[in-house]
Amino acid sequence: MSDSQGPLWEVFVQKKAGQPFVHCGSLHAFDKEMALQNARDLYTRRNEGMALWVVPSSAITASSPEDMGSFFEPANDKVYRHPTFYQIPDAIGHM
Amino acid sequence: MENKTYEDLFEAKLAKNEMIEPKDWMPENYRKHLIRQVSQHAHSEIVGMLPEGNWITRAPSLRAKKVLLAKVQDEGGHGLYLYTAAETLGISRDELLDNLHTGKAKYSSIFNYPTLTWADIGAIGWLVDGAAIMNQVMLQRTSYGPYARAMVRICKEESFHQRQGYEIMTHLAFGTPEQKAMAQDAINRWWFPTMMMFGPPDAESPNSENAMKWRIKRETNDQLRQRFVNQTVPQVEYLGLTVPDPNLKWNEAKKGYDFSEPDWTEFKNVISGNGPCNKERLGARVKAHKDGAWVREAAAAYAKKQNQSIAA
Amino acid sequence: MNNLFVYTLRLADNSLVLAQRLSEWTGHGPFLEEDLALTNVALDTFGTATSLLEYAAQVEGKGRSADDLAYFRHEREYTNVLLVEQPNGDYAKTIIRQAFVDHFNLLLYTELAKSKDETIAGIAQKAIKEVTYHVRHSSSWVLRFGDGTEESHNRAQEAVNELWRFTGELFEMDEVENNLVKEGISVNTSLLKEKWEKQITDLLTKATLKKPESSFMQSGGRKGMHTEHLGYLLSEMQTVPRMYPNAKW
């Protein structure tokens, strides 16, 4: 949504090296540099992170609640994707 | 027919204590109620920057100055988290600000009282933020996801606010006689306005019933007010100061204090624009917005040029 | 008077007065995100001021505290440069003032980080990281204003023209500082001038702004000869402790 406060951006922060970037909130900014600076000034005031992503909210495509069944339930019965599905002889130990 | 199904799903989610998310179906009244409440909350944070901001340049020590600056900045941040939560309900920042600037939206009546001495900064941090935190802790479990997540973040950050306020009060209460008098005067002026922050008595609160039904609120105004008094009175006593309420008395039967109701006529007056600082507070917000217009236009124009030159 | 005390106090006053000015914006910024961003700059700057004042108080060794130095000196005893005490004006003026100071501070602290005085060096090393960000913040706004709208361009140019005359003082040297340079404690700021001018000229050019022709420079802050603005800033800042001189806050 763009208005006189600039477009909306989503902010993702990486807490520690090696960890995934996690969504932490949104803000308004007029350009990329400002979005990045504002994200720093807003969402890392208390040492919350060491790296940031900013993404224009308009660039995000989200699934709908109506999709929930068709998107996610089919994965329920695919137990063969999990290691515990398989039998390994005890003698082999951990695999 | 179909709406009925959606409504059933919505009700079922509430019953299971699950959160409602932006893309979920929600009754129009729920959406409206939330927009009103979340934006009112956001406006309160933003307008709330002003009474304390009034003392930033006059804070009496370097430490106090930094703390106050950081605190007022936090309030701006909290306003921002809440505005973005409100925006997920389909209202723009522009509309939200416009509603504030035209007086269509309300904000907490407490910020329409003046900060006259440095002790007021202590009283606001301790009493006003203390009351706000009570509300906010409850709202971490509110039914609307983005609102609840904003509140979790806010509560984490607010935890120093009340402590800094009480620290100021201890310096004053155990300081010189003038300082102690300043502290008592601040309590005298802020006590009842703070009590008003929890809203009208349950019996007369027009929005409470829906808010409870939808699990937006999880405790009533009167419950929160009682808890605040119970918690705060010993803190006043520790300072060797008094609560300006002749009817304040411990009630062993209910394991809580009996106390006087604030002056609800005054409350209605302040809410409807006739508090001591309503004009100044709103005026300051409108001025900042107007003075900032050319800055925002410049940033928009510059961004547009940059995008064109990237595209070219 | 002790050279190191005088010098540390100068650095402290520059930070304190600028931070005080910046903090006037809190709650009144052009939009919410920027309000918070500038407040961060103010907080960093107050932090540096506090460290420097604490060190000045320690060097002086007369029992005065950092707060005493901040709250109980009058304007003739303040030794900040005139640039930092100039009123905020519109946001363009605040940003131009900030860009001038930020670029200077980055050069200054980079050198001071090598000071033989460990405390000064430590304060400078911490400040470098903060000021690097301040430079980025103020410079990006100079570009937005200069190359934004006609109005923002004009406001920014006006601010440059108005504030330019206060920039020469940043590079002035006197006996106090010359002596400390010899001891490896302070920095010969006159040697930073060329670099600063180039950085600022590049920034202004990129922002389609012009460096003023006039080269006349105001001066006096080091000797406590201030513009009339400082007195008001100090009266406001010092009012409570001066009203209750025996109180602790």
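For the structure, check the block above.
Residues numbered from 1 in each chain as written. Chains lettered and ligands numbered in written order. Predicted model: local features only at pLDDT ≥ 70, side-chain atom pairs only at ≥ 80, totals over all residues. Heavy atoms only, no water.

(A) Region of the structure containing the pattern of salt bridges. In the structure shown here, the tally under the stated rule is 41 salt bridges over all chains. The partner of Arg136(C) in a salt bridge is Glu33(A), and the shortest N-O contact between them spans 2.5 Å. Highlighted residues: Arg136(C) in helix 6 (residues 118–146) and Glu33(A) in helix 1 (residues 32–43), drawn from two different chains. Owing to a relative accessible area of 41%, Arg136(C) belongs among the partly exposed residues under this scheme. Each of Arg45(A), Arg46(A), Glu48(A), Asp74(B), Arg153(B) and Glu157(B) takes part in a single network of salt bridges with overlapping partners. (Salt bridge = Lys/Arg side-chain N within 4 Å of Asp/Glu carboxyl O. Helix = DSSP H or I, 4+ residues; strand = E, 2+ residues; numbered from the N terminus. Buried < 20%, exposed > 50% of the residue type's maximum accessible area, 1.4 Å probe, protein only.)

(B) Seen up close, the packing of helix 5 (residues 118–139) of chain B against helix 6 (residues 145–173) of chain B. Residues and elements named next belong to chain B. Put simply, helix 5 and helix 6 touch, their axes get as near as 7 Å, and they point 150° apart. Put simply, helix 5 runs roughly antiparallel to helix 6. Viewed along their axes, helix 5 and helix 6 form a crossing whose handedness is left-handed. Here the contact of helix 5 with helix 6 is built from residues that sort into 17 nonpolar, eight polar and two charged. (Axes fitted to C-alpha atoms, helices over the stretch in contact; angles between N-to-C directions. Parallel < 35°, antiparallel > 145°, perpendicular 65-115°, else oblique. Left-handed = near helix turned anticlockwise from the far one by under 90°. Nonpolar A, V, L, I, M, F, W, Y, C, P; charged D, E, K, R; others polar.)

(C) Quick look at the interface of chain B and chain A. The interface of chain B with chain A comprises 25 residues on the first partner and 23 residues on the second. Both faces combined, the contact of chain B with chain A buries some 2000 Å², and carbon together with sulfur accounts for 53% of it. Where chain B meets chain A, there are five salt bridges. In this structure, Glu157(B) and Arg46(A) form a salt bridge, with 3.6 Å as the shortest nitrogen-oxygen distance. Our count for the chain B to chain A interface comes out at eight residue pairs in polar contact (both at pLDDT 80 or more). Ranked by residue count, the leading element in the side of chain B that touches chain A is helix 3 (residues 62–87) of chain B, at seven residues. (Contact = heavy atoms within 4.5 Å. Buried area = accessible area lost by both parts, 1.4 Å probe. Polar contact = N/O pair within 3.5 Å; in protein donor to acceptor, adjacent residues only side chain to side chain.)

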